[in-house]
Amino acid sequence: MSQQLVPTSAQEAAPVNTIPLVDLSLQHAEVAEEVEAGFAEVLSAGDFIGGKAVSAFEQEYADFADARWCVGVANGTDAIEMALRAAGVGHGDEVVVPANTFIATAEAVVRIGARPVFVDVDDDSLLIDPAAVEAAVGHRTRAVVPVDLYGQVAPFEQLPAHLADRGVTVVEDGAQSQGATRHGRRAGTFGDIAATSFYPGKNLGAYGDAGAVVTDDGSLAERVRLLGAHGSPAKYQHTQFGFNSRLDTLQAVVLRAKLRRLHGWNEQRRLAAAAYDEMLAGTPGLRTPMTLPGNEHVWHLYIVRVGRRDEVLAGLQAEGIGAGVHYPVPVHLTPAMGDLGYARGAFPVSERAADEILSLPMFPGITRAQQERVVDVLLSTLRAHG
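If you're wondering where the values come from, they're calculated on a predicted model, not measured in any experiment. (Residues numbered from 1 in each chain as written. Predicted model: local features only at pLDDT ≥ 70, side-chain atom pairs only at ≥ 80, totals over all residues. Heavy atoms only, no water.)

(A) Region of the structure containing empty space enclosed by the protein. Enumeration according to the criterion identifies 2 cavities of 30 Å³ or more in this entry. What the largest cavity holds in volume is close to 90 Å³. The wall of the largest cavity is formed by 14 residues, among which Y61, G174, Q178, A187 and G188 lie closest to the centre. Every element with two or more residues in the lining of the largest cavity is listed here: α2 (52–64) and β8 (193–197). Looking at the lining of the largest cavity element by element, the count peaks at 3 residues for β8. Each residue belonging to the lining of the largest cavity can be placed in one class, and the counts come to 7 nonpolar, 6 polar and 1 charged. Reported here for the second largest cavity is a volume of approximately 30 Å³. (1 Å grid on protein atoms, 1.4 Å probe; cavity = no way out; pocket = protein on both sides within 12 Å on 5 of 7 lines; lining within 4 Å. Points joined across faces, edges and corners; volume = space filled by probe spheres on them. Helix = DSSP H or I, 4+ residues; strand = E, 2+ residues; numbered from the N terminus. Nonpolar A, V, L, I, M, F, W, Y, C, P; charged D, E, K, R; others polar.)

See the structure below:
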């Protein structure tokens with residue numbers, strides 16, 4: 001298994017004692033020459049805004065996602081906001097969002113003048129609870145934003161029936177699920193429109209901020225494109241209110257090179273997750289992650305759940321293990337969302353998970369030896385704090 005997890009010879013010489021949460025240098029080593037050549041072409045042509053690499057990537061990513069349209073934008077938060085705006089969600093509307101997610105999911109809702117209505121998540125998968133969505137949808141609801149968290153697709157088919165008939169758009173937050181599938185269907189094709197992020201640490205990461213909106217609806221795609229170009233279909237023609245949110249041409253060069261390797265990198269993540277599952281099976285006081293039936297996971301993160309998490313985290317970090325927490329505070333309890341009026345106890349599963357979740361090192365190219373050291377330190381730390 002260890003040979004399958006090592007994509008480059010450079011990794012063989014990497015130190016084992018200090019293990020990062022994410023090692024982006026391995027991916028860069030594989031694409032460096034291709035990216036350098038692509039950058040040189042862009043710089044030579046002065047093809048900086050909306051260049052050939054952008055349109056090529058948009059088509060390639062749409063093909064990858066089995067979608068008709070992909071529109072590159074500046075970052076993943078903009079992607080969510082623009083998807084909501086394109087769907088007609090605006091001031092005074094309500095948008096249902098899981099409490100266990102990164103703040104950007106709810107932040108995008110607030111930025112358009114709408115109100116996030118939080119719901120709890122399933123205790124096993126920590127993905128949005130469809131029954132909670134049913135209870136939260138009201139006459140002011142205009143969208144539901146399920147999040148494909150940690151690398152697996154949310155249970156979209158279990159959402160309340162006839163949402164479209166009730167004027168509710170389903171927006172998929174697929175920032176962590178590039179390449180994942182549910183019942184054979186690719187992430188980014190669930191609901192009416194999807195947003196994704198190419199932040200550097202994502203499964204498909206740029207060398208800075210970048211994002212995209214994916215949809216099978218051509219009219220939605222066109223609205224997103226207009227929004228990101230100051231509402232302008234042609235120079236100095238502004239048919240609607242918009243702003244500046246476009247995929248940078250240099251980032252498109254990086255993303256094209258990485259996209260060609262994403263299937264292989266995701267498979268390396270699956271092998272690494274299987275190794276963690278094997279080594280951690282049956283560990284007292286620890287819950288390993290659960291994959292929903294029908295899902296093919298791409299393991300953006302490998303999340304375990306432990307008691308006395310902060311002490312365990314400190315013990316790992318003291319030994320050079322780059323563990324982390326995604327996320328330590330449920331969104332409804334962050335000070336930024338304080339005016340929404342939610343109190344502790346509103347969403348007990350999300351709140352309990354925030355106190356227990358622990359992210360272990362996960363990246364393409366992590367070796368069996370590195371994983372064994374992570375597990376050895378984790379088990380000894382659990383015993384010390386048991």
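(B) The arrangement of the sheet that holds strand β9 (residues 211–215) in detail. The 7 strands are arranged β1-β9-β8-β5-β4-β2-β3 in an open sheet whose pairing can be described as mixed. The strands lining the two open edges of the sheet, one partner per strand, are β1 (69–73) and β3 (115–119). Shown here is a sheet whose adjacent strand axes are inclined to one another by a mean of 25°, direction ignored. Against the sheet, helix α3 (residues 76–86) touches β1, β2 (94–98), β4 (141–144), β5 (169–173), β8 and β9, its axis set at about 170° to β8. Contacts from helix α6 (residues 218–228) reach β1, β8 and β9, with the element oriented near 15° to β1. (Pairing = 2+ DSSP bridges. Axes fitted to C-alpha atoms, helices over the stretch in contact; angles between N-to-C directions. Contact = heavy atoms within 4.5 Å.)

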